[in-house]
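Residue-level structure breakdown
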Amino acid sequence: MSGVTIEGLTVLRQDTPMVAPIDLVIEPGRTLAIIGESGSGKTLTAKSLVGLLPRGFHASGTATIGGSKIGLDAAASAWRGVRGRTVALLLQDPFTSLSPVHRCGAQIAWTIEAAEARKLPRGEKEAAVAARLAEVKLPAEVARAYPHQLSGGMRQRVAIAAALAANPLLLIADEPTTALDASNQAEILDLLRTIQRERDLCVILISHDLGLVRGRTDDVLVMRHGEVVERGATSSVLADPQHPYTKALFEADPVLAVGPIAPAESAERSVRGERTPLTVSAVGITKHFGDRTVLDDVSLHIAPGEIAGVVGESGSGKSTLARCIAGLEREDGGVITFAGTELEPGRGSRTPSQMQIVFQDPYSSLNPMMSIGAILREALGVAGRSSNEVPVLLETVGLPAEFARKRPAELSGGQRQRIAIARALAPQPQLLICDESVSALDVSVQAQILALIMRLREELGIAVLFISHDLAVVRMLADSVTVLWNGRVVESGTCDQVLSAPRHEYTALLVAAAHRENTAHHGNEPHV
C-alpha cells in the first residue's frame, strides 16, 4: 500500500490565508503529529483533507492517498467517494460523530455496508460488527448499547471502530483523547497505534498535548498562525526543540511533579470550621440513572475562596456531582447546603448569584447568532445589572471592550472560554463551577485560563469547584482534591497530601498514569 503525499495544501478564508502552503509525506504504518495552539491551523489542515472545511473557507493543493490523487478544491460530490473509504476522520467528542438515537452496532454496520455497497444479511452483519468491536477491545454486546450508556473511553472506541469499518488508508484523529482521563488517554492512543501497525495505516494525530505525542508518533509538524515553524522526527523535535514557539509550548505544559502554585494563604482561608460557613456542603449524595448507581454516598465541602478539585476517570461521577450541586440534575438522596441553607434538589432552589457553571466547550454554550456584547448584556439583565457593565466584565477576564462587537466564531477557543467565564460572573456568584473547562484548550491557553481563575479567586474571593481528569492541572490550581471512582469518594484532602502520597490504590494508579505521561513528555525515562 502506498502512503500519503500532500502537495501545496493551502487554506483561505475568502482571500485571507489561514494555512500557508504545506507539503508532507506519510509512509504506511507511520503517524504524523500536528501540534499547535488554538488558531494555529492544525484542524483546518485536517478538515481540508476530508473536504469538510467550514463555510467561507476553501482549500487548494493536492492529496495522493494510496495512489489516487484528488484536488483539495474538489466538489462535495467528489469528496463523498473519498470520506470513509479512503480517509476517515475521528473527532474529539464521540458524541459528535455518533448518533445518540441509534445503537452502536447499527452505526458501525452503516459504514461496513457503505464500503461494500450492499446490504448484509443479519448474521453476516452481526459477525462483521462483532469483529470490528473486538479489534477495539470491546465485547460484542456493546453493539446493543446506545452511546449514552457507555463511558467516554468506550464511546471513543466505538467511534474508532466505526471510523475504521470501511478500511480507510488514512485516519485523521483530531484531538481524540482530550476529554478522557490519563489512563483512558493512554489506552486509546496505544490502541490506535496497535491497529495502525496491524493495518499498515497512515495516521495524522492532531493534538495540543505534547506528552501524548511522544512515544506514539513518528514525525511532528509544529504550527503557529497557519505556518509550519518546525518539523522533524518526534523524538528529535521534542527532545531538542529549535524554534522559540516550540520551546514556549514546553514551558507552558503543566507537570504533575510541580507543586501547587496557588498562594499559601488561600489554603489557610479554607480551613474548615472557622466562623465563616462553608460555601457549599454536599453530604451523602446519591444519584441513580435507571438501575445504575452514578453517585454513592458522596460528600464534598468547599469553603469561601477555596478552589476544590474533583478528579476521576470518565464515568466516575464527577460531572454528575457538579450538576447536582448546580441543580441541573436532581440527587436521589443526601443534603446540599449553600452558605448554611439547605437546597432542595433541582434548579428551583438555586439563584444565579449563588452559583454559575462553565462547561468544557464554550462554543456549544454560546449562541453563535449573538454578538459577545448581546450575550453579556443578556446575562447582566438576568442579574439585574446595567448593560453598561459589559466593558467591565470583558476587562475582568482580560479582554478589550471592542470584543463586544465580535461573534463567537471570530474568537479562538481560549477567548471563547473567557467569554463563558465573563457571562458566568455577570450575576456575581459566590461559587464558580468549572466542568472540564480547560481540557479542550492547548497548553499555553490553558495556562492563561488557569491563571485567570486564580486571579478571580484572589480578587473576588469566589469559591471554585474545578472538575478535571488532568491531575497536573488540579495540582497547579486547587487547594483540595476529592478523588471519585465508580461513583464513590476513595480519597480526599489537600492536593499535596493526596497527589504526593496517595493512600488509595486507585489514586495511586491515576498518579502513576499521569507520571508516565509527564516522564514521556520530558524524556526522563523511556515511555512505558
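Small disclaimer: the values here were computed from a predicted structure and weren't measured. (Residues numbered from 1 in each chain as written. Predicted model: local features only at pLDDT ≥ 70, side-chain atom pairs only at ≥ 80, totals over all residues. Heavy atoms only, no water.)

Within the protein chain, the regular secondary structure consists of 20 helices and 20 strands. Within the protein chain, the proportion of its 528 residues that are buried is 52%. Contacts in the protein chain between residues far apart in sequence, at least 24 positions, make up 70% of those at least 6 positions apart. If you sum the accessible surface of the protein chain, you get close to 22200 Å²; carbon and sulfur atoms cover 50% of it. (Helix = DSSP H or I, 4+ residues; strand = E, 2+ residues; numbered from the N terminus. Buried < 20%, exposed > 50% of the residue type's maximum accessible area, 1.4 Å probe, protein only. Contact = heavy atoms within 4.5 Å. Areas by Shrake-Rupley, 256 points an atom, 1.4 Å probe, with all protein chains shown as cover.)

Moving on to helix H6 (residues 152–164). Taking 1.5 Å of rise per residue, 13 residues should cover 18 Å, and H6 covers 18 Å from first to last C-alpha, within 8% of that figure. With twelve of its 13 residues buried, H6 lies for the most part within the structure. Turning to H6, its buried residues number three or more, namely Gly152, Gly153, Arg155, Gln156, Arg157, Val158, Ala159, Ile160, Ala161, Ala162, Ala163 and Leu164. (Expected span 1.5 Å × (residues − 1).)

Pairing is antiparallel across the open sheet formed by four strands, whose spatial order is E12-E11-E14-E15. Lying at the two open borders of the sheet, with one neighbouring strand each, are strand E12 (292–302) and strand E15 (341–343). Neighbouring strand axes in the sheet, compared pairwise and without regard to direction, differ in orientation by 30 degrees on average. Summarising the sheet, strand E11 (residues 280–289) and strand E14 (residues 333–338) pair through five bridges and their orientation is antiparallel. (Pairing = 2+ DSSP bridges. Axes fitted to C-alpha atoms, helices over the stretch in contact; angles between N-to-C directions.)

Here the focus is the packing of helix H4 (residues 104–116) against H6. At a minimum axis distance of 7 Å, the contact between H4 and H6 shows a crossing angle of 20 degrees. By the angle between their axes, H4 is roughly parallel relative to H6. On H6, the residues touching Cys104, Ile108 and Thr111 of H4 are Val158, Ala161 and Ala162. In the contact of H4 with H6, the residues fall into five nonpolar, one polar and no charged. (Parallel < 35°, antiparallel > 145°, perpendicular 65-115°, else oblique. Nonpolar A, V, L, I, M, F, W, Y, C, P; charged D, E, K, R; others polar.)

Moving on to the layout of surface pockets. The method is simple in principle: a probe with the dimensions of a water molecule rolls over the atoms, and the space it marks as empty is what remains. The volume enclosed by the second largest pocket comes to roughly 500 Å³. Where the lining of the second largest pocket is concerned, the elements lending two or more residues are strand E6 (87–90), H4 and H6. Tallying contributions element by element places H4 first for the lining of the second largest pocket, with five residues. For the lining of the second largest pocket, the per-class residue count stands at 15 nonpolar, five polar and three charged. (1 Å grid on protein atoms, 1.4 Å probe; cavity = no way out; pocket = protein on both sides within 12 Å on 5 of 7 lines; lining within 4 Å. Points joined across faces, edges and corners; volume = space filled by probe spheres on them.)

Before going further, it helps to spend a moment on the sheet that holds strand E2 (residues 16–26). Spatial ordering of the open sheet is given by E2-E1-E4-E5, a layout of four strands whose pairing is antiparallel. Two strands lie at the open edges of the sheet, namely E2 and strand E5 (68–71), each paired on one side alone. Strand-to-strand, the axes of this sheet are offset by a mean angle of 5 degrees, without reference to chain direction. Judged from the eight bridges that link them, strand E1 (residues 4–13) and strand E4 (residues 57–65) form a sheet pairing that is antiparallel. Along E4, the bridge assignment pairs Arg13 with Phe57.

To continue, consider empty space enclosed by the protein. Under the counting rule described, the total for this entry stands at two cavities of 30 Å³ or more. In this structure, the second largest cavity occupies an estimated 90 Å³ of space. If you trace the second largest cavity, you find it lined by Thr31, Ala173, Leu189, Leu192, Arg193, Gln196, Val203, Leu205 and Arg216. No other element matches the four residues that helix H7 (residues 182–199) contributes to the lining of the second largest cavity.

Positionally, Leu210 belongs in helix H8 (residues 210–213). Spatially, the C-alpha atoms of Leu210 and Thr234 are 10.0 Å apart, while their sequence positions differ by 24 residues.

On to the nonpolar core, then. Counting 52 residues, the largest nonpolar core has Ile307, Leu394, Ile421, Ile453, Val464 and Phe466 as its most contacted members. In terms of residue count, helix H17 (residues 443–460) provides more of this core than any other element does, seven residues in total. Contact partners of Val464, with chain neighbours within four places excluded, come to Ile302, Glu306, Ile307, Ala308, Leu431, Leu432, Cys434 and Ile453. (Core = buried A, V, L, I, M, F, W, Y, C linked by side-chain atoms within 4.5 Å.)

The share of residues in the protein chain with pLDDT of 70 or more is 91%, and the mean pLDDT across the chain is 86. Across residues 257–274 the pLDDT falls below 50, and counting only partners more than four positions away or on other chains, this stretch makes 30 contacts in the model. Across residues 524–528, confidence stays below pLDDT 50; counting only partners more than four residues off in sequence or on other chains, it has six contacts. (pLDDT = per-residue confidence, 0-100.)

According to the stated counting rule, one finds 19 salt bridges in the structure shown. Its salt-bridge partner being Asp190, residue Arg216 comes within 2.7 Å of it at the nearest N-O pair. Pair noted here: Arg216 is in the loop between H8 and strand E9 (219–224) and Asp190 is in helix H7, with a separation of 26 residues, a long-range link. A salt bridge links Arg193 to Asp218; the nearest nitrogen and oxygen atoms lie 3.0 Å apart. (Salt bridge = Lys/Arg side-chain N within 4 Å of Asp/Glu carboxyl O.)

This brings us to unusual backbone geometry. You will see that Asp200, though not glycine, has its phi angle at about 60 degrees, which is positive. Inspection of the secondary structure assignment puts Asp200 in the loop between H7 and strand E8 (202–207). Positioned with a positive phi, Ala339 is a non-glycine residue whose angle comes to about 50 degrees. By relative accessible area, which is 36% here, Ala339 ends up partly exposed.

Turning next to the packing of aromatic side chains. Per the counting criterion, the structure on display carries one aromatic pair. With a centroid separation of 5.4 Å and an interplanar angle of 20 degrees, the aromatic rings of Trp485 and Tyr506 are classed as stacked. Placement of Trp485 in strand E19 (residues 480–485) and of Tyr506 in helix H20 (residues 505–522) is noted, with a sequence separation of 21 residues between them. Relative accessible area serves as the criterion here: at 36%, Trp485 is assigned to the partly exposed category. The class of Tyr506 is buried, set by a relative accessible area of 7%. Of note, Lys406 hangs over the ring of Phe403, and the distance from its end group to the ring centre comes to 5.4 Å. (Phe/Tyr/Trp six-rings, centres within 6.5 Å; stacked < 30°, edge-to-face > 60°. Lys NZ or Arg CZ within 6 Å of the ring centre and 35° of its normal.)

Moving on, we come to the pairing of E11. If a strand is regular, its side chains alternate between the two faces of the sheet. Burial analysis of E11 places seven of its ten residues in the buried class, the great majority of the element. Across seven bridges, E11 lies against E12 in antiparallel orientation. Of the residues in E12, the one forming a bridge with Ser281 is His301. As consecutive antiparallel partners, E11 and E12 are separated by two residues, and within that stretch Gly290 has a phi angle of approximately 65 degrees, a positive value.

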